[in-house]
Amino acid sequence: MKKIVIMKKVIILCVFFCVVMLQYAHAQRLFPNRKNTPAKVEEKTEEENQINPAQPKDYNVANIRVSGTKFLDAGALVSLSGLRLGMKIKIPGEALPNAIKKLWKQGILGDVQIVIEKIENENVFLHYILTERPKLSRFIITGTRKGEVSTLTEKLGLIRGKIVTPTMLKNTQSIIQKHYAEKGFLNAKIAVMQKVDTILANSVALNIQVNKGAKVKIKQIEFEDLTAFSKKRVSRKLKGTKEKQRGNIFRNSKFIKSKFEEDKENLIKFYNGEGYRDARVVSDSLYKIGTKYVGLKIKMDEGRKYYYRNITWKGNYVHDDKTLSTILRIQKGDVYDVQTLEKRLNFSQSDLDITSLYMDDGYLFFSINPVEVAIEGDSIDVEMQVYEGAQANVNQIMLNGNTKTSDHVVRRELRTLPGEKFRRSDIIRSNREISTLNYFDAEKIGINPIPNMQDGTVDVDYSLVEKPSDQVELSGGWGGVFGFVGTLGVVFNNFSAKKIFKPKQWGGILPSGDGQRLAVRFQANGRRFQTYSLTFTEPWLGGKKPNNLSLNVSHSVQRTIDFNGNVLGGLQVTSATLSLGRRLQWPDNYFTLTNSLIFQRYNLNNYGGFLFDRGTGVANSVAFNTTISRNSVDNPMFPKSGSTINFSATFTPPYSSFNKGANYETMNTADKFRWIEYHKWMLDNTWYTPLPGKFVLSTRAHFGYIGAYNDQLGVGPFERFVLGGDGLTGQNFLLGLDIIGLRGYENNSVTPQGLSGGVLYNKFVLDVRYPISNNPAATIFALTFIEAGNNVASYAEYSPFDLKRSAGVGARIFMPAFGMLGLDWGYGFDEIPGRGRGGSRFHFTIGQQIR
């Protein structure tokens, strides 16, 4: 026992001795702030040996000497350390280590030492031994392409004059390695070399050497413990992580860490959606296969598959259990799918959900929480805990960001009105209505309901970002003997007529902000063709109701000119249209009704393109048009959902009924068609359906028919249908006809032979679109299409299956200044009588093509 006691005493003495030695070392002249900071151990002076580590003592700082600095101010550094002459510090203590930390914190020093030079009585003399860090003078990146150099430079964000630190060098290397790893270069090697700059003092230049190596691709993906699904099905859920397939040059098989992490989350969501609520990725690992490939091994723990058993409701008073269960559409025995449950409880994009049911009835404070109350075997009981709260009314509507557009233009489109009950559907509809104005960036429209639970109201804050909406169309050239060829057009989509005489309120070069539309256009092909048009639209006539008033006047001239410049004949068309439209509440409030009165005058002088005798005569047309349309698209530039339906009927007075004694078989055509009579029916339908992966399916159907009141008189030469090509009226120089595009065929080629146009046409289009850019400054999307149509001379010749088919690809770009521009390549598969097969053709389009 005595030996054990003695041994304990020896151990205690050894421990005490070690503690004393550590305290003694702490009190020495050298106080490095980092473990890897080089320490200079110098021989201790007699005064320093007098320091008792066990008994700290106060000393006055008598002097501070600084060495090792060339460009930094010594006095400033001393001040930054927190010490000053005459200051009383405790040695050993925290004063000197803290001073070192403060100097290191500045990031401008590469080495910091504080040495006690001597001690005289109560005074201590300190020596700061410092090493300055250099500044960055310039840097170069070698070993990669010039385009990547600019990308890397932007990502690095290196600034000349900044202090070069180990952290900066490490971050530089890390950023570049991450950049190349995202591109599949997992073995990229980055070296950052420093070289002293001989021109700038205390500066270095960095040479960043890049060796990205070979691109690493995934040779194979292995799954462990995969039993519920096949490898093929599970692999499809890894959208950004694919095995390399021989011969498939379009498959991206690069391994990108960030995409793989997303894929793992998608994989678990897939399992959860199939009832495997406990599924998880246990581990994943990469292994090398040669120098260019890696293998990926994923170990799964699928867990068991679960099913719903009992679903109960708690806290619901407004709606009974049966109503809520009907909307939830989940039955006992259904697969336990958390994702589907979440969609049917909160904000489904396609069907009615529980939250929408309540919020469309004013229950803004509503919430629902599904709780698993029992799990037995493979069955789960869920209790729906409902908090209904009180109904909320809209209090205030706040607008932000409409710097150009007047408040009343936005407010009149809103469905959320002060004093009315809050409805979620009104929020969604308001967002659509603002978007369709086309004055604001649809992607940046923000709607923020601000609830006031104390008084049961809600304020709605709309944040908007103005975008350019006016358009300019400008092109020109010289057509030789025909003269000037070009187009000049301006469209002011947010015009203000009442501000014309108030220039201080214009906000630009023209009065704007009241939502009116003013369009002026001039187009010419030398003396052969000119057209002038003016259109003014007031969408809210009177300012209280959405009654649309539109006025259009135009004048067009087309001449036949030989190559000597002599005018052989011509056609002039003068027209005026007055329209009045209004929104309907039935069948729903997406419908509008527009009535128009149209006057047109055709003056032919030796113009052989029409049916007049010798091509000379005057024809007049007074017609009434009524159009019923429905528009529910979510975005006018790139619709992702919704539809447009337009049905129009145009009638002229039946003049022949007032002249029953006339013999139209012997009457010359100039007298026969002095007053044009017809009835015309048009139907245009477009549906937009979102597809997986940002793709959008657009399906269209178009139909047109023109008929006569008098069989003896028949259909006149005007208002007929011309099919084929790009569908641009102005580019084809045809007047008095309906031009309908059909890609893959020559312009105006699908037309009955010997006639100015057909009397019945139909057309079907299916295209798949993919957005490339949703930027309001340039909205771009690509498309692939198939379409078919035909145009016949009489109803008896019509066959719905006799169609001219085509297919192709194209792109659209919308720029606010120029409108929608399109370029398509189409291939026509069928023969056109007298013209041959459609074949391969390019088409250029301007504006939104309706048909």
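Throughout what follows, the structure given in this document is the object of discussion. Remember, it's a predicted structure, so these values are computed and weren't measured experimentally.

**Comments concerning a positive patch on the surface**
(1) Moving on: A grouping of K155, K178, K183 and K215 is seen on the molecular surface, where their side chains present a positively charged patch.
(2) Moving on: Using a relative accessible area of 41% as the deciding quantity, one classes K155 as partly exposed.

**Comments concerning the pairing of strand 4 (residues 123-132)**
(1) Moving on: Among the 10 residues that make up strand 4, 8 are buried, leaving the element largely enclosed by the rest of the structure.
(2) Moving on: With 7 bridges connecting them, strand 1 (residues 57-67) and strand 4 associate as parallel partners. Paired with V61 across the strands is V124, a residue of strand 4.
(3) Moving on: Pairing between strand 3 (residues 109-120) and strand 4: 10 bridges, direction antiparallel. In the sheet register, I119 faces strand 4, and the bridge partner there is V124.
(4) Moving on: Connecting strand 3 to the antiparallel partner strand 4 that follows it, the hairpin turn spans 2 residues, and N121 within it adopts a positive phi of roughly 55 degrees.

**A closer look at the sheet that holds strand 13 (residues 379-387)**
(1) Moving on: Strand order in the open sheet made by the 3 strands is 11-13-12, with mixed pairing throughout. The open sheet has two edge strands, strand 11 (307-314) and strand 12 (367-376), and neither has a second partner. Across the sheet, the mean angle from the axis of one strand to that of its neighbour is 25 degrees, orientation sign disregarded.
(2) Moving on: With 6 bridges joining them, strand 11 and strand 13 adopt parallel strand pairing. Bridge pairing in strand 13 links Y308 to I380.

**Topic: the packing of helix 2 (residues 74-81) against helix 3 (residues 95-105)**
(1) Moving on: Following both chains from N to C, one finds helix 2 and helix 3 inclined at 120 degrees, their axes separated by 8 Å at the closest point. By the criterion of interaxial angle, the relationship of helix 2 to helix 3 is oblique. Residue-level inspection shows L77, L80 and S81 of helix 2 in contact with helix 3, the latter providing A99, K102 and L103.
(2) Moving on: Counted by class, the contact of helix 2 with helix 3 contains 4 nonpolar, 1 polar and 1 charged residues.

**Structural notes on the pattern of salt bridges**
(1) Moving on: Evaluation of the coordinates by the stated rule reveals 36 salt bridges.
(2) Moving on: For R674, the salt bridge identified is with D671, shortest N-O distance 2.8 Å.
(3) Moving on: Put simply, E787 and R743 hold a salt bridge, and the shortest N to O gap is 2.9 Å. Taken together, the positions of E787 in strand 31 (residues 779-792) and R743 in the loop between strand 29 (738-740) and strand 30 (760-773) put the pair 44 residues apart, joining distant regions of the chain. Each member of the pair, E787 as well as R743, is classed as buried.
(4) Moving on: Within the structure, one salt-bridge network assembled from shared partners comprises E224, D225, K297 and K299.

**What about the packing of aromatic side chains?**
(1) Moving on: In this structure the tally under the stated criterion is 21 aromatic pairs.
(2) Moving on: The interplanar angle of 70 degrees and the centroid separation of 6.4 Å between the aromatic rings of Y439 and F440 together place this pair among those described as edge-to-face.
(3) Moving on: What makes Y439 buried here is its relative accessible area of 5%.
(4) Moving on: With relative accessibility at 0%, the residue F440 sits in the buried group.
(5) Moving on: Considering the side-chain rings of F638 and F781, the 5.1 Å spacing of their centres and the 50 degrees angle between planes classify their relative orientation as tilted. Placement of the pair is F638 in the loop between strand 24 (617-631) and strand 25 (642-651) and F781 in strand 31, with a sequence separation of 143 residues. For the pair formed by F638 and F781, the shared burial category is buried.
(6) Moving on: Taken together, the aromatic side chains of F229, F270, Y271 and Y276 make up a single cluster linked through ring pairs.
(7) Moving on: Across the ring face of Y590, the terminal group of R429 is positioned such that the distance to the ring centre comes to 3.7 Å.

**Observations concerning the pairing of strand 2 (residues 88-91)**
(1) Moving on: Side-chain alternation along strand 2 places I89 and I91 on a buried face and K88 and K90 on a face that remains uncovered.
(2) Moving on: Bridge analysis of strand 1 against strand 2 gives 4 bridges, and the strand direction is antiparallel. Bridging from a neighbouring strand, N60 pairs with K88 of strand 2.

Reading the values: the criteria
- Residues numbered from 1 in each chain as written.
- Predicted model: local features only at pLDDT ≥ 70, side-chain atom pairs only at ≥ 80, totals over all residues.
- Heavy atoms only, no water.
- Patch = residues over 30% accessible without salt bridge, like charges linked within 9 Å, V, L, I, M, F, W, Y side chains within 5 Å.
- Areas by Shrake-Rupley, 256 points an atom, 1.4 Å probe, with all protein chains shown as cover.
- Salt bridge = Lys/Arg side-chain N within 4 Å of Asp/Glu carboxyl O.
- Lys, Arg positive; Asp, Glu negative; His and termini not counted.
- Charge placed at Lys NZ, Arg CZ, Asp CG, Glu CD.
- Buried < 20%, exposed > 50% of the residue type's maximum accessible area, 1.4 Å probe, protein only.
- Helix = DSSP H or I, 4+ residues; strand = E, 2+ residues; numbered from the N terminus.
- Pairing = 2+ DSSP bridges.
- Axes fitted to C-alpha atoms, helices over the stretch in contact; angles between N-to-C directions.
- Parallel < 35°, antiparallel > 145°, perpendicular 65-115°, else oblique.
- Contact = heavy atoms within 4.5 Å.
- Nonpolar A, V, L, I, M, F, W, Y, C, P; charged D, E, K, R; others polar.
- Phe/Tyr/Trp six-rings, centres within 6.5 Å; stacked < 30°, edge-to-face > 60°.
- Lys NZ or Arg CZ within 6 Å of the ring centre and 35° of its normal.

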